[in-house]
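# A structural walkthrough
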Amino acid sequence: AQSVTQLGSHVSVSEGALVLLRCNYSSSVPPYLFWYVQYPNQGLQLLLKYTTGATLVKGINGFEAEFKKSETSFHLTKPSAHMSDAAEYFCAVSYGNAGGTSYGKLTFGQGTILTVHP
Amino acid sequence: ETGVTQSPTHLIKTRGQQVTLRCSSQSGHNTVSWYQQALGQGPQFIFQYYREEENGRGNFPPRFSGLQFPNYSSELNVNALELDDSALYLCASSRGADEQFFGPGTRLTVL
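An account of the accompanying structure is given in this report. (Residues numbered from 1 in each chain as written. Chains lettered and ligands numbered in written order. Predicted model: local features only at pLDDT ≥ 70, side-chain atom pairs only at ≥ 80, totals over all residues. Heavy atoms only, no water.)

## A few points about the interface of chain A and chain B
In plain terms, the rule: Contacts between residues were defined by any pair of non-hydrogen atoms, one from each residue, lying within 4.5 Å. By buried area we mean how much accessible surface two parts lose on assembly, using a 1.4 Å probe and totalling the loss over both. The working definition used for a salt bridge is a side-chain nitrogen of Lys or Arg within 4 Å of a carboxyl oxygen of Asp or Glu. The definition of a polar contact used here is a pair of N or O atoms within 3.5 Å, where within protein one atom must be able to donate a hydrogen and the other to accept one, and adjacent residues in sequence count solely through side-chain atom pairs. Where helices and strands are cited, they refer to DSSP runs of H or I of at least four residues and of E of at least two residues respectively, numbered from the N terminus.
The interface is formed by 20 residues belonging to chain A together with 22 residues belonging to chain B. Approximately 1600 Å² of surface area, both sides summed, lies buried where chain A meets chain B, with 52% of it carried by carbon and sulfur atoms. Applying the counting criterion to the chain A and chain B interface returns 1 salt bridge. We note a salt bridge from Glu99(B) to Lys49(A), for which the minimum N-O separation is 3.5 Å. The tally of links from chain A across to chain B stands at 3 residue pairs in polar contact (both at pLDDT 80 or more). Elements represented by at least two residues in the side of chain A that touches chain B include exactly β4 (32-38) and β5 (44-50) of chain A. For the side of chain A that touches chain B, the leading source of residues is β5(A), giving 3 residues.

## Thoughts on the sheet that holds strand β7 (residues 64-68) of chain A
Note: strands within a sheet are paired through backbone hydrogen bonds, in either parallel or antiparallel orientation. Residues and elements named next belong to chain A. Let me state the cut-off plainly: Pairs of strands are assigned from DSSP output, requiring at least two bridges between the strands. To get an axis, a line is fitted to the C-alpha atoms, and for a helix only the part in contact is used. The angle between two axes follows their N-to-C directions and goes from 0 to 180 degrees.
The strand order across the open sheet built from 5 strands is β1-β3-β8-β7-β6, with neighbouring strands paired in antiparallel fashion. Edge strands, defined here as strands with exactly one partner in the open sheet, are β1 (3-7) and β6 (56-58). Across the sheet, the axes of successive neighbouring strands diverge by a mean angle of 20°, strand direction being ignored.

## Quick look at the sheet that holds strand β3 (residues 19-24) of chain B
Residue and element names in this part refer to chain B. Judged by pairing direction, the sheet is antiparallel, and its 4 strands sit side by side in the order β1-β3-β8-β7 without closing on themselves. Edge strands, defined here as strands with exactly one partner in the open sheet, are β1 (5-7) and β7 (64-68). Neighbour-to-neighbour, the strand axes of this sheet turn through a mean angle of 20°, independent of strand direction. Pairing analysis gives 5 bridges linking β3 to strand β8 (residues 74-78), with the strands arranged antiparallel. Following the sheet pairing, Val19 is matched in β8 by Val78.

## Looking at the environment of Leu47(A)
Its location among the elements puts Leu47(A) in strand β5. What Leu47(A) contacts, discounting residues up to four positions off in sequence, is Trp35(A), Tyr36(A), Val37(A), Gly59(A), Ile60(A), Asn61(A), Phe63(A), Leu76(A) and Tyr89(A).

## As for the pairing of strand β6 (residues 53-57) of chain B
Each regular strand shows side chains that alternate between the opposite faces of the sheet. All names here are of chain B. Two strands pair when backbone bridges link them, and strand β5 (residues 44-50) and β6 are joined in this way by 3 bridges, in the antiparallel orientation. Considered in β6, the bridge of Phe47 is made with Arg57. In this antiparallel pair of consecutive strands, β5 and β6, the connection spans 2 residues, and Arg51 shows a positive phi of 50°.

Next comes the structure, spelled out in structure tokens:
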């Protein structure tokens, strides 16, 4: 069974600093990988996804992530944090049509709350 | 194009009661997945409906049940509510295994 681990339940950065949110997955087959953002009292918004092809994926709001198969990682980065980036971030995996009986069933990590200080 | 909508936004129930949550999928989507997000946790997969049939289920008891209608909207029903059922319930629609689009969620509080 697949699982997702997000290292650090809380990350705090200063405005303008690098954002790095860590995600590792366990899987016997290459998964599809996702990062979602959740603002308070809202649903999930997709930031970026990796399915196949280029391992460096660019998403919305200046975020990007790199799929490293050898490290089973998919860390999320942003060069310069903005106050509006403060939210909770979730890493997730799925297996598309190869995920057994459920199409694209998502397995999520526990989430990382990002705080941005002025 | 209308996105995924859920109703109600908030709901308060007492232990032992039953609840029905509703989800309208995005136009052109034939698959609906339901997730439970307890406070401070990541969402957990409850089940999925594809073309009106259950298409996979997570580790949830049978008192969690669902339906999908011909227009691909969906309901989540929970019987015999327990305190631990208090959570944000998220619905996501997709076209098969394509990207899932999430609704805003229904916040259920069980007293």
